[in-house]
Number of protein chains: 2
Amino acid sequence: MIRQAIYHKSDVPFAYPLNKDELHIVLRTASTDIKRCYIFYRDRYDWMGKFKVKEMFLTQSNDLFDYYETTLKLNKKFVYFFYLISKMNEKVFYTESGFYEERPEKSFHGFFQFPYICDMDVFFAPKWTSDCIVYQIFPDRFNNGDKSNDPENVRPWGERPEPTTFFGGDIQGIIDKIGYLKELGINAIYMTPIFLSPSTHKYNTTDYYKIDPHFGDTQKAKELIDKCHKNEIRVIFDAVFNHCGYDFFAFQDVIKNGKDSKYWDWFNVYEWPIKTIPLPSYEAFADHEWRMPKLMTKNPDVQEYLLNVAEYWIKEVGIDGWRLDVANEIDHHFWRRFRETVKKAKHDAIIVGEVMHDASPWLYGDQFDSVMNYPFKNALVDFFAKRSIDAKQFNTIMTEQLMRHMDGVNRAMLNLIGSHDTERFLTMCNGMVVRMKLALVFQFTYIGVPYIYYGDEVGMVGGYDPDCRRCMIWNEEKQNLKLFNFYKRLISLRKENEELRYGTYKTLYARDGIISFKREYKGKSIIVIINNSSKEHSILLNGVQGKIDILGMGKI
Amino acid sequence: MIRQAIYHKSDVPFAYPLNKDELHIVLRTASTDIKRCYIFYRDRYDWMGKFKVKEMFLTQSNDLFDYYETTLKLNKKFVYFFYLISKMNEKVFYTESGFYEERPEKSFHGFFQFPYICDMDVFFAPKWTSDCIVYQIFPDRFNNGDKSNDPENVRPWGERPEPTTFFGGDIQGIIDKIGYLKELGINAIYMTPIFLSPSTHKYNTTDYYKIDPHFGDTQKAKELIDKCHKNEIRVIFDAVFNHCGYDFFAFQDVIKNGKDSKYWDWFNVYEWPIKTIPLPSYEAFADHEWRMPKLMTKNPDVQEYLLNVAEYWIKEVGIDGWRLDVANEIDHHFWRRFRETVKKAKHDAIIVGEVMHDASPWLYGDQFDSVMNYPFKNALVDFFAKRSIDAKQFNTIMTEQLMRHMDGVNRAMLNLIGSHDTERFLTMCNGMVVRMKLALVFQFTYIGVPYIYYGDEVGMVGGYDPDCRRCMIWNEEKQNLKLFNFYKRLISLRKENEELRYGTYKTLYARDGIISFKREYKGKSIIVIINNSSKEHSILLNGVQGKIDILGMGKI
């Protein structure tokens, strides 16, 4: 037995409560190393009580690890436990203080303990996320619904964008396309920032309380959200709290009044007076982006200001959540206060961080509900678009990602395949739509929230920013309608099958370019088989009968 | 290479900032499996920059794992990194998205990232803890300094205690013994609760704002703390916030007014009216302790009440910290608020949780500074007192405990060998003082805060509660003065050698009943060799010259 692979810890994501009396437990072992695994558990204060025994079941497996899981129904909120792990001629007891050949006595001091299920610490993502399909909109490029509010220097729709080009997209444009979004089938939109800002992307906020007039006004935002809500579409705004814009009132005050400004400590000024070239004399986003002075969220006044903003837009226009820009460069302390503020203002608002790497430090339950799942995107790019990793590697990466998080977090993850900060997926596929379709099948049948970057559904292409931010193609002759219909079909499939929305996930096969997995819910299951190779393969899956061809793309 | 053993995560305790520009990094591998390990790192926003390379060094080793560590000095607060791990004919690159045979390209999306060092998230235990030696006092049993405040039913000093016996110990008694404590050499005392309560242990608080009159009053507490501070002794109070006493005003109001009480939701009442037998009709500590109704810390009013208590005693009498009773049954959310309140009231106050198992979920930096280190106690009991584990197992348990926490946490740990909730160590040694002495050498030369349970230093014995709470022996003829002097000598040794207080820890030898380790600081080191067996052994340690016999107990 490879003891170094055996791991449990009585904390997220290896032990966490699902509710007041159910505790979810995960144990990791080396891949295909052990035969059986049992958990022995007992109420902590029932000193003389017998241990109950439960077999744990293999839920995820890859070429490194196997994961065994179970959920304990507890009479009381506190529990002692240990494991018995066995293979052919070997058995070992695994406890918090290590491995023992003999079963620990009742008075043993090294049991694992989950000391108490505290209501306050039980994590719930908003319930609606399980049913959610998100559509990301970059407002300047989605649709121009009101020419009267266009910037002066607006360029013709469809021209290749430069970093500073304006195309006149606006909130009215989005309202006008609610029908389109309904037809596609999405039920949530996330918009990149819409507050007053001189840039086209608006990540340098001038005024957190004002909608950019080229996009509309507060009334127009309210209209968008009301109409979306009437159409059962939720709306997520973008919170750019890591930094403000150069024109933000507090920073302007600091420029004007220097050290005497009452906002001097909202920023980290290295040297007075403020200068912007050759490098900013103050801390800025990405070190050099002088247009984006970093906000000192350790300052309680800054915290108050930003938390009020977070609350204001929920109460004022009724948004359903916030996406948090550069979330990984702001302290955890601030995000915990943010969660409290947001959940108090709207208990089922979603909090989605932008974290491009392992986001687990923000996803233990005390900060975010979800993140934009870039590691998911990266794996899909490598496997489906570039075919630079094989099915086994892909499965290892995906299951390791899953096991980093609580199940509730995985179900709330925004599983994107591209965004305004990446090359478009079809471009990464070198234009091969079939590769993208395989990736989409995976995306829409996997655990977590499918996420569409505007235009992907009609076959838009584009390299890195600004090329991935081209104007939406509305001319049906230029749209890939087959792809659009494929998206519609996948969305329907997901909506019609609760296994895909609420089911467990288990890999069945990961070899020869083929990835196959099962989604199971209430005794019913859907099996997905994706052949991501250029060859025909016959595979044998236990318990699968007959021939199925859901999407007309392949055979079993 | 055992890949399943290789582990890093960009979060506590595998990556954490030591200050604004130093990031501490830990990588785990299987024991004696690899030969070399390098970290490649680069500023996150220096897209085209070269990676710097640094070799990582083996710091801890046991029969399961090796731990490699380094500290990166960062120009910027953000960093990308990956590892190169090699053995004889094998090398592998280890990244956040797994293992690769080839070095990842600059544009690779799976680097480990520590995205930003946020001041707010840098953990510091109070600086004084490194120099600290704690002495625990159970006030009713330490010294009776004022007979006029004795309970009516007080029993003669030295009689065997029952669960409800009073002996008349009080705050004046502690004041009278400051000279004794100074002579011993300790510099912090932790007292079990002293607030108004009908019990002898006072863990069922009647009034959090009133010192129990049998112990003294607020003025007397202030006098104790002032006199302690003049003698450079810090004072830690006991915060019993998991539950109150039956007589607590809010619970009495609930008994009286039932559901109409404005405090009804400070508790979890299962059934009205309140009853206590056969089982309490409300949630209570350990499920059945009707004298201890559980406080609902999820209720903001309860939070406010308890946080005010925490702040009050810091401001009113100047205590230096809180020890938190049953800390593991209260929500993390409350403890985060508690930390904020306490640190604001006194920036270098210490927060010590009572958690008897792996306490890491409370020690990520956002909640406690330290805990009463019961896993440390358990290992010392097994190795030194009972000799039920061998040196190898002992070393594995101890180093696994160390590697669960940040270095700053390990240095603040209260390393006890007994308390009012355990059998006394000498009793667990079956009275064999030599075994206890070996344990004490370990305790006073190890990393973390040595902790003395009153009376251990004069050879007191006792089984589980109430027997471990006997009256302090003040009659010198009945004290083990040799043991007392041994304690004094160990304390001096620790005070005189900063290696023991501030140094790194590394195991040198762990076989044949012998544990040997090195404490190193600023180029100087102390090597400790403990022969915990009945046999003489000769061992060879690299780099050790000559014969040393610090404590007159053994030979090299």
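Keep in mind it's a predicted model, so treat the numbers as computed, not measured. (Residues numbered from 1 in each chain as written. Chains lettered and ligands numbered in written order. Predicted model: local features only at pLDDT ≥ 70, side-chain atom pairs only at ≥ 80, totals over all residues. Heavy atoms only, no water.)

Participant: I would appreciate a short explanation of the overall build of chain A in the present structure.
Facilitator: Assigned secondary structure in chain A consists of 14 helices and 25 strands. In terms of overall dimensions, chain A is globule-like: its C-alpha atoms have a radius of gyration of 26 Å, near the 24 Å expected for 556 residues. C-alpha extents for chain A along the principal axes are approximately 80 × 60 × 45 Å. Every one of the 556 residues in chain A was classed for burial, and the buried ones make up 63%. The long-range share in chain A, meaning contacts at least 24 apart out of those at least 6 apart in sequence, stands at 68%. When the accessible surface of chain A is split by element, carbon and sulfur atoms take 49% of a total near 22,000 Å². Charge separation in chain A, taken as the distance between the mean sites of 74 positive and 75 negative side-chain charges, equals 6 Å. (Helix = DSSP H or I, 4+ residues; strand = E, 2+ residues; numbered from the N terminus. Rg over C-alpha atoms; globule rule 2.2 N^0.38 Å. Buried < 20%, exposed > 50% of the residue type's maximum accessible area, 1.4 Å probe, protein only. Contact = heavy atoms within 4.5 Å. Areas by Shrake-Rupley, 256 points an atom, 1.4 Å probe, with all protein chains shown as cover. Lys, Arg positive; Asp, Glu negative; His and termini not counted. Charge placed at Lys NZ, Arg CZ, Asp CG, Glu CD.)

Participant: Is there a simple way to explain helix 13 (residues 481-496) of chain A in this structure?
Facilitator: Owing to its 3.6 residues per turn, the α-helix brings residues three or four apart onto one side. Residue and element names in this part refer to chain A. Relative to the 22 Å expected for 16 residues at 1.5 Å per residue, helix 13 spans 22 Å between its end C-alpha atoms, a close match to the ideal helical length. Every buried residue of helix 13 is listed here: Leu483, Phe484, Phe486, Tyr487, Leu490, Ile491, Leu493 and Arg494. Residues of helix 13 that are buried make contact with helix 3 (178-184), helix 12 (433-445), strand 22 (449-453), helix 14 (498-502) and strand 24 (514-521). Residue asparagine 480 occupies the N-cap position of helix 13, its side-chain oxygen lying 3.2 Å from the main-chain nitrogen of lysine 482. (Expected span 1.5 Å × (residues − 1). Polar contact = N/O pair within 3.5 Å; in protein donor to acceptor, adjacent residues only side chain to side chain.)

Participant: What's the story with the environment of isoleucine 174 of chain B in this structure? I'm lost.
Facilitator: Residues and elements named next belong to chain B. Within the secondary structure layout, isoleucine 174 lies in helix 2 (residues 171-176). Along the sequence, isoleucine 174 and proline 139 sit 35 residues apart, while their C-alpha atoms lie 7.8 Å from each other. The residues touching isoleucine 174, leaving out its near neighbours within four places in the chain, are Ile137, Phe142, Ile189, Met191 and Leu224.

Participant: Is there a simple way to explain the pattern of salt bridges in this structure?
Facilitator: It is possible for side chains of opposite charge to pair when their charged atoms get near one another. The final tally for this structure, using the stated rule, is 74 salt bridges over all chains. As a salt-bridge pair, lysine 202 of chain B and aspartate 212 of chain B come within 3.2 Å of each other at their nearest N and O atoms. On the criterion of sequence distance, the pair formed by lysine 202 of chain B in the loop between strand 13 (195-196) and strand 14 (207-211) and aspartate 212 of chain B in the loop between strand 14 and helix 4 (218-230) is long-range, its members being ten residues apart. Take lysine 202 of chain B: its relative accessible area is 1%, and that puts it in the buried class. Taking the relative accessible area as the measure of exposure, aspartate 212 of chain B reaches 1% and is therefore buried. Among the salt bridges present, the one from arginine 411 of chain B reaches aspartate 407 of chain B, with a minimum N-O distance of 2.8 Å. Here arginine 411 of chain B pairs with aspartate 407 of chain B, and both are found in helix 10 (residues 407-412), just four residues apart, close to one helical turn. Among the charged side chains, a salt-bridge network with shared partners connects Lys20, Lys77 and Asp119 of chain A together with Lys298 of chain B. (Salt bridge = Lys/Arg side-chain N within 4 Å of Asp/Glu carboxyl O.)

Participant: Looking at this structure, how should I read the environment of tyrosine 203 of chain B?
Facilitator: Residues and elements named next belong to chain B. Here tyrosine 203 shows up in the loop between strand 13 and strand 14. Relative accessible area serves as the criterion here: at 6%, tyrosine 203 is assigned to the buried category. Considering only alpha carbons, one finds tyrosine 203 and glutamate 354, 151 residues apart in sequence, at a separation of 13 Å. With residues near it in sequence (within four places) discarded, tyrosine 203 still touches Tyr190, Thr192, Pro193, Ser197, Asp238, Val240, His243, Met292, Arg323, Asp325 and His420. Looking at tyrosine 203, its side chain comes within polar contact range of the side chain of tyrosine 190, at 3.3 Å.

Participant: Got a minute to help me understand the nonpolar core in this structure?
Facilitator: Where a protein is soluble and globular, its nonpolar side chains tend to be buried together. Tyr135 and Trp322 of chain B are the most contacted members of the largest nonpolar core, which totals 167 residues. Counting 166 residues, the second-largest nonpolar core is a separate cluster that includes Ile133, Ile194 and Ile526 of chain A together with Met1 of chain B. (Core = buried A, V, L, I, M, F, W, Y, C linked by side-chain atoms within 4.5 Å.)

Participant: What is the right way to read the domain arrangement of chain A from this model?
Facilitator: Quoted interface sizes are often the accessible area lost when the parts come together. The assigned domain composition of chain A is domain 1 (3-121) and domain 2 (245-296). Taking only C-alpha atoms into account, the centre of domain 1 of chain A sits 52 Å from that of domain 2 of chain A. (Domains from an automatic or database assignment.)

Participant: Any chance you could explain the sheet that holds strand 15 (residues 234-239) of chain B here in plain terms?
Facilitator: Sheets are built from strands paired through backbone hydrogen bonds, the pairs being either parallel or antiparallel. All names here are of chain B. On the basis of which strands lie adjacent, the open sheet formed by eight strands has the order 20-19-18-15-12-11-22-21 and parallel pairing. Of all strands in the sheet, those bounded by a partner on one side alone are strand 20 (370-371) and strand 21 (414-415). Relative to strand 19 (residues 350-353), strand 18 (residues 321-324) runs parallel, the two sharing four bridges. Across the sheet, leucine 324 pairs through a bridge with glycine 353, a residue of strand 19. (Pairing = 2+ DSSP bridges.)

Participant: Quick question: what am I supposed to make of the interface of chain A and chain B here?
Facilitator: With 57 residues of chain A in contact, the opposing surface of chain B contributes 57 residues. The junction of chain A with chain B conceals about 5,000 Å² of combined surface from both sides, 53% of it contributed by carbon and sulfur atoms. There are ten salt bridges connecting chain A and chain B. A salt bridge links glutamate 329 of chain A to arginine 44 of chain B, with the nearest nitrogen and oxygen atoms 2.9 Å apart. Between chain A and chain B we count 30 residue pairs in polar contact (both at pLDDT 80 or more) in total. Contributions of two or more residues to the side of chain A that touches chain B are made by strand 2 (22-30), strand 9 (98-100), helix 7 (332-345) and helix 8 (374-385) of chain A. For the side of chain A that touches chain B, the element with the most residues is helix 7 of chain A, which contributes four residues. Residues belonging to the side of chain A that touches chain B are distributed by class as follows: 21 nonpolar, 13 polar and 23 charged. (Buried area = accessible area lost by both parts, 1.4 Å probe. Nonpolar A, V, L, I, M, F, W, Y, C, P; charged D, E, K, R; others polar.)

Participant: Would you take a moment to explain the packing of aromatic side chains for this structure?
Facilitator: Here a ring pair, both rings aromatic, is described through the centre-centre distance and the interplanar angle of the planes. Under the criterion given, the structure shown has 139 aromatic pairs over all chains. With a centroid separation of 5.1 Å and an interplanar angle of 65 degrees, the aromatic rings of phenylalanine 394 of chain B and phenylalanine 442 of chain B are classed as edge-to-face. Here phenylalanine 394 of chain B, found in helix 9 (residues 391-403), pairs with phenylalanine 442 of chain B, found in helix 12 (residues 433-445); they are 48 residues apart in sequence, far enough to count as distant. Like phenylalanine 442 of chain B, phenylalanine 394 of chain B is buried. One residue, lysine 437 of chain A, lies across the ring of phenylalanine 486 of chain A, its end atom 5.0 Å from the ring centre. (Phe/Tyr/Trp six-rings, centres within 6.5 Å; stacked < 30°, edge-to-face > 60°. Lys NZ or Arg CZ within 6 Å of the ring centre and 35° of its normal.)

Participant: I keep staring at the relation of the copies chain A and chain B and nothing clicks. Help me out?
Facilitator: The operation relating the two chain copies consists of a rotation about an axis and a shift along that axis. When chain A is brought onto chain B, the operation consists of a screw motion whose angular component is 180 degrees and whose axial shift is 0.0 Å, with 0.0 Å RMSD remaining. Such a combination of rotation and displacement between the chain copies is what one expects of a two-fold axis. Within chain A, alanine 5 of chain A has its C-alpha nearest the rotation axis, a separation of 2.8 Å. Comparing interface residues between copies, 100% of those in chain A also sit at the interface in chain B, which points to an isologous, same-surface contact. (Least-squares fit on C-alpha atoms with pLDDT ≥ 70 in both.)

Participant: How do you make sense of the side chain of aspartate 331 of chain B when you look at a structure like this?
Facilitator: Within the secondary structure layout, aspartate 331 of chain B lies in the loop between strand 18 and helix 7 (332-345). At 7.2 Å, lysine 294 of chain B is the nearest oppositely charged side chain to aspartate 331 of chain B, a buried residue that forms no salt bridge. In terms of polar contacts, aspartate 331 of chain B uses its side chain to reach the side chain of threonine 297 of chain B, at 2.8 Å. Of the polar contacts made by the side chain of aspartate 331 of chain B, one reaches the backbone nitrogen of phenylalanine 334 of chain B; its length is 2.7 Å. Beyond its immediate stretch of four places on either side in the chain, aspartate 331 of chain B contacts Cys118, Met120 and Asp121 of chain A together with Thr297 and Lys298 of chain B.

Participant: Which parts of the structure should I look at to understand the sheet that holds strand 19 (residues 350-353) of chain A?
Facilitator: Residues and elements named next belong to chain A. Ordered in space as 20-19-18-15-12-11-22-21, the eight strands form an open sheet in which the pairing is parallel. The two strands at the open ends of the sheet, each matched to only one other strand, are strand 20 (370-371) and strand 21 (414-415). Each of strand 12 (188-191) and strand 15 (234-239) touches helix 4 (residues 218-230); the most contacted strand, strand 15, lies at about 140 degrees to it. (Axes fitted to C-alpha atoms, helices over the stretch in contact; angles between N-to-C directions.)

Participant: I tried to follow unusual backbone geometry on my own but got confused; where do I start?
Facilitator: One can expect most non-glycine residues to show negative phi and most peptide bonds to be in trans. Here the amide bond leading from tryptophan 272 of chain A into proline 273 of chain A is cis, since omega sits at -10 degrees, within 30 degrees of zero. Its place among the elements puts proline 273 of chain A in the loop between helix 5 (249-257) and strand 16 (284-285). Here lysine 202 of chain B, not a glycine, exhibits a phi torsion of approximately 65 degrees, which is positive. A positive phi angle, close to 50 degrees, is found at arginine 387 of chain B, a residue other than glycine.

Participant: Explain helix 5 (residues 249-257) of chain B here, please?
Facilitator: Residues and elements named next belong to chain B. Within helix 5, burial applies to Ala250, Phe251 and Val254. Projected onto a plane normal to the axis of helix 5, the buried residues spread over an arc of 100 degrees and lie on a single side. In the core, the buried residues of helix 5 are packed alongside strand 17 (289-293). (Arc of directions from axis to C-beta.)

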